[in-house]
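Letter by letter, the chains look like this.
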Amino acid sequence: VEASIPEELREAWKKHSATEFKNKDEFERDLVRHIETTLARSMYNCDELAAYSGTALAFRDRLIIEWNKTQQRQTFKDQKRIYYLSLEFLMGRTLDNAMLNVGLKDAARDGLSDLGFQIEDVINQEHDAALGNGGLGRLAACFLDSMATLNYPAWGYGLRYRYGIFKQEIVNGYQVEVPDYWLDNNPWEFPRHEITVDIQFYGNVKKYQDESGKIAHSWEDGEIVQAIAYDVPIPGYGTKTTNNLRLWSSKASSGEFDFQKFNAGEYESAVADQQRAETISAVLYPNDNLEQGKELRLKQQYFWCAASLFDIIRRFKKTKRAWGEFPDQVAIQLNDTHPALAIVELQRILIDKEGLEWDEAWTIVTKTFGYTNHTVLPEALEKWSVPLMQNLLPRHLQIIYDINMFFLQSVEKRFPNDRDILSRVSIIEESHPKMVRMAYLAIIGSHKVNGVAELHSDLLKTTLFKDFVKIYGPDRFTNVTNGITPRRWLHQANPRLSALIAEKLGSYDFLRDLTLLDKLEAFVDDKAFREEWAVIKRENKLRLARHIKATTGYDVNPNALFDVQVKRIHEYKRQQLNIFGVIHRYLSIKAMSAEEKKKVVPRVSIFGGKAAPGYWMAKTIIHLINKVADVVNKDPDVGDLLKVIFIADYNVSKAEIICPASDISEHISTAGTEGSGTSNMKFVLNGGLIIGTCDGANIEITREISEQNIFLFGNLAEDVEELRHRHFYGDFKLDPHLERVFNAIKDNMFGDKADFSALTSSIEDHGDYYLVSDDFNSYITTHEMVDEAFQNKEEWLAKSITSVARMGFFSMDRVTNEYADSIWNVEPLDVTD
Ligand code: RUG
């Protein structure tokens with residue numbers, strides 16, 4: 001308020017208030033101005049990168065003008081806001097999305113062309129914002145797009161990593177990690193040096209009596225690190241709403257190095273404090289579905305939770321409401337357990353700083369938080385060692401113990417005869433060292449817990465969180481099946497398909513209400529429409545083929561069946577099953593007569609994905625894929641009938657090229673292991689069919705598009721435990737087709753067999769935990785069915801169109817509305833005035 005211009009002087013301001021460009025000419029004006037002034041370049045010195053920067057700055061002006069208005073509108077209306085806390089936001093590129101969302105891509109295309117640039121080349125200059133590992137981070141990004149599109153007052157809070165997910169290079173078939181320094185030339189963020197928060201670590205807790213004689217606690221000493229806000233505007237599609245993503249960056253609290261040390265010539269130690277502080281937001285941990293328990297990661301988590309909560313509370317306090325109204329104004333969603341410390345931090349602030357009683361504070365806390373679980377994999381469930389937490393966050397550990405004590409007391413009262421339940425549900429695991437179970441903390445501190453697909457949410461209730469269902473009743477647990485934003489994953493990634501759909505449906509309204517796609521079914525038998533559909537798929541395949549040629553040197557036949565598996569490399573996602581299937585196919589082709597070969601449906605097997613740097617088995621899988629590619633792609637016996645491609649450095653912008661180009665994609669996790677999966681939705685929405693197990697959202701995709709339009713195979717989730725049990729007791733027989741594949745590997749067909757022995761022996765000798773052998777026969781037979789179906793072009797097209805028409809359910813907008821109704825209790829803002 002102190003910084004606002006006095007009422008009587010505002011006319012002068014308003015006269016010069018920034019305006020938005022609305023057409024090609026105005027865009028050109030802004031573009032040239034930015035190139036000449038902001039970038040200090042000229043018409044004699046303007047390359048594609050400068051054209052990109054100028055275009056981005058022109059669009060950024062527009063976004064920030066709407067961002068300012070949105071913030072004013074939301075402050076004025078003062079409705080309940082959503083705060084989405086996520087350690088990962090996998091945004092990808094921004095410019096194309098911004099152009100489409102504000103509806104000015106055509107103006108930009110024409111304007112750029114007037115100056116001699118192709119819009120696609122300009123868009124391709126942008127570096128992906130890759131602040132995430134995979135599905136979890138991409139879901140957060142889809143949420144932001146959808147919440148803005150639907151006019152929800154919403155903020156994302158995350159960390160501004162200096163290094164995003166590493167860049168992957170393939171050297172001699174091995175993954176090599178290269179740092180991703182993405183911040184050079186990033187026009188999309190606004191540093192807010194005036195918005196800082198001091199964050200405390202270490203130190204100790206003093207107990208004292210306050211004036212009223214009550215026992216109180218203060219957290220003292222330790223070290224302070226400063227959090228600085230960086231804001232990223234998030235435009236909605238076809239709406240004025242432009243929300244905010246606030247990312248925190250860390251800095252030493254003094255902001256300077258120690259001058260005394262500097263003067264004494266101790267240069268290194270003079271900057272050491274500063275570097276140590278900056279390390280907190282330096283790197284994204286490159287693990288997907290795997291927790292490592294490193295102290296720096298815990299520091300990141302607390303740093304980000306504390307800064308975000310401080311900010312949220314500061315905003316709430318401006319409204320001068322009573323604390324009891326906090327949950328009516330604030331909904332905080334925890335994306336996985338990574339932000340679970342926010343629960344403890346809010347309780348700490350309320351009792352230690354604001355003087356509320358424990359129960360009153362705890363009621364506020366639990367009404368405020370919702371927790372989304374994304375996995376049942378034990379290795380992904382976060383646990384923090386008690387000694388580590390004691391050292392780093394001594395007061396928080398005390399509060400966790402108190403939360404646990406009150407919780408266990410209530411459990412004991414309800415189940416007086418069940419001693420075991422107490423140790424099963426305790427937040428503290430009685431191991432050596434003791435561990436804090438973050439998922440339990442998140443459940444106890446939230447009013448709703450949701451899984452991300454039906455099967456996953458059911459498994460949570462019947463296995464992992466079974467005791468908590470008994471304690472709290474089933475209503476605390478719910479399901480919200482994931483979705484994807486059709487803006488990026490259809491309109492932006494596949495503009496021609498989007499345009500064809502718009503032509504048939506009469507408008508682009510389906511981008512705001514994806515259920516309108518169902519009207520496409522009426523055109524399934526329309527021959528001209530089918531042809532156009534086929535032409536678009538072919539062009540998308542050609543685009544991918546060009547990318548493959550440019551990046552790998554391999555030529556691929558666009559008439560072949562493009563079979564794609566792109567996602568993080570993980571044993572549970574079973575890229576090993578796929579590459580074994582490819583080897584099986586290769587061996588079969590090699591054994592064929594010339595006559596038999598004529599009947600083979602040509603295939604390109606395309607892989608992409610990163611392995612966590614410390615995940616040896618995942619790296620071995622990448623190595624095998626590349627070695628198989630080396631052999632198969634050069635084998636004259638095979639020619640065009642089979643090609644194997646590994647696309648290095650899979651990321652969001654590559655996904656935008658790959659998804660529209662698939663004929664079939666693979667979602668083949670061991671049943672019961674994949675939370676939801678979201679690339680399955682992206683591929684189907686782009687007219688690709690899928691082969692998959694009965695896992696995650698594949699099940700609901702099947703329900704929506706019908707069994708005729710999907711290739712399902714493999715054991716069911718309910719049989720997995722029994723099979724593993726049998727393997728464990730020695731009841732295991734390697735599938736004979738898989739045995740032939742293993743023999744080829746052991747004959748050094750793909751290089752030194754020793755390189756792959758860990759992989760084969762995990763199946764043959766160590767229990768085949770992921771059921772690769774059990775599912776192998778069903779997998780290869782289903783692929784034969786895929787080949788057969790692909791030969792019937794007309795039927796294949798009908799399946800493709802029908803599936804797209806039935807994908808309305810998987811819009812992120814449906815997801816966002818479900819969270820808003822059943823978890824957040826938040827209404828969209830009226831933006832019509
Ligand atoms: O593995 C899951 C995916 O199945 C899911 O679609 C995605 C979004 O909900 O989250 C992924 N995930 C789970 N990423 N990290 C975890 C565990 O921390």
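Details of the structure are given in the entry above.
Quick caveat: nothing in here was measured; it's all calculated off a predicted structure.

Chemist: Pulling in residues and values, what's your account of the overall build of the protein?
Modeler: Each helix and strand in the protein was counted, giving 34 helices and 24 strands. Taken against the 2.2 N^0.38 rule, which gives 28 Å for 833 residues, the C-alpha radius of gyration of the protein at 28 Å falls within 12% of a compact globule. Overall size of the protein, expressed as C-alpha extent along the three principal axes, is 95 × 75 × 65 Å. In the protein, of all internal contacts separated by at least 6 residues, the share reaching a separation of at least 24 is 77%. Summing over all exposed atoms, the protein offers an accessible surface of approximately 33700 Å²; the carbon and sulfur share of this is 51%.

Chemist: Outline the sheet that holds strand β24 (residues 711-712), listing residues and values.
Modeler: Within a sheet, neighbouring strands are paired by backbone hydrogen bonds and run either parallel or antiparallel to one another. Taking strand neighbours across the sheet as the criterion, the 6 strands line up as β21-β20-β19-β22-β23-β24 in an open arrangement whose pairing is parallel. Looking at which strands have only one partner, the edges of the open sheet turn out to be β21 (642-647) and β24. Taken together, the 6 bridges between strand β19 (residues 561-566) and strand β20 (residues 603-608) define a ladder with parallel strand orientation. Residue glutamine 565 lies in a different strand from β20, and its bridge partner there is phenylalanine 607.

Chemist: So, the pairing of strand β12 (residues 330-335): which residues are in play, and what are the values?
Modeler: Side-chain positions along a regular strand alternate between the two faces of the sheet. The element β12 is largely enclosed, with a buried count of 6 among its 6 residues. With burial as the criterion, each face of β12 is covered, one bearing Val330, Ile332 and Leu334 and the other bearing Ala331, Gln333 and Asn335. Of the pairings in the sheet, the one linking β12 to strand β13 (residues 369-372) comprises 4 bridges and is parallel in character. Residue pairing across strands places isoleucine 332 opposite phenylalanine 369, the latter belonging to β13.

Chemist: Which residues make up helix α28 (residues 698-705), and what values go with them?
Modeler: Where α28 is concerned, the buried positions are Asn698, Glu700, Ile701, Thr702 and Ile705. Looking one or two residues past α28, serine 706 carries a phi angle of roughly 85°, positive in sign.

Chemist: Break down the packing of helix α7 (residues 135-149) against helix α34 (residues 812-824) for me, citing the residues and quoting the values.
Modeler: Between α7 and α34, whose axes approach to 9 Å, the crossing angle comes to 85°. Our classification of the angle between α7 and α34 gives roughly perpendicular. The segment α7 lies against α34, with Leu139, Cys142, Phe143, Ser146 and Met147 engaging Met812, Asp813, Val815, Thr816, Tyr819 and Trp824. By residue class, the composition of the contact of α7 with α34 is 8 nonpolar, 2 polar and 1 charged.

Chemist: Report on the sheet that holds strand β14 (residues 383-385), specifying residues and quantitative values.
Modeler: The strand order across the open sheet formed by 3 strands is β14-β16-β15, and the pairing between neighbours is antiparallel. Pairing within the sheet leaves two strands with one partner each, and these edge strands are β14 and β15 (428-429). Bridge count for β15 against strand β16 (residues 435-437) is 2 bridges, and the pairing is antiparallel. Counterpart to glutamate 429 in the pairing with β16 is methionine 435.

Quick notes on the rules
Residues numbered from 1 in each chain as written. Predicted model: local features only at pLDDT ≥ 70, side-chain atom pairs only at ≥ 80, totals over all residues. Heavy atoms only, no water. Helix = DSSP H or I, 4+ residues; strand = E, 2+ residues; numbered from the N terminus. Rg over C-alpha atoms; globule rule 2.2 N^0.38 Å. Contact = heavy atoms within 4.5 Å. Areas by Shrake-Rupley, 256 points an atom, 1.4 Å probe, with all protein chains shown as cover. Pairing = 2+ DSSP bridges. Buried < 20%, exposed > 50% of the residue type's maximum accessible area, 1.4 Å probe, protein only. Axes fitted to C-alpha atoms, helices over the stretch in contact; angles between N-to-C directions. Parallel < 35°, antiparallel > 145°, perpendicular 65-115°, else oblique. Nonpolar A, V, L, I, M, F, W, Y, C, P; charged D, E, K, R; others polar.

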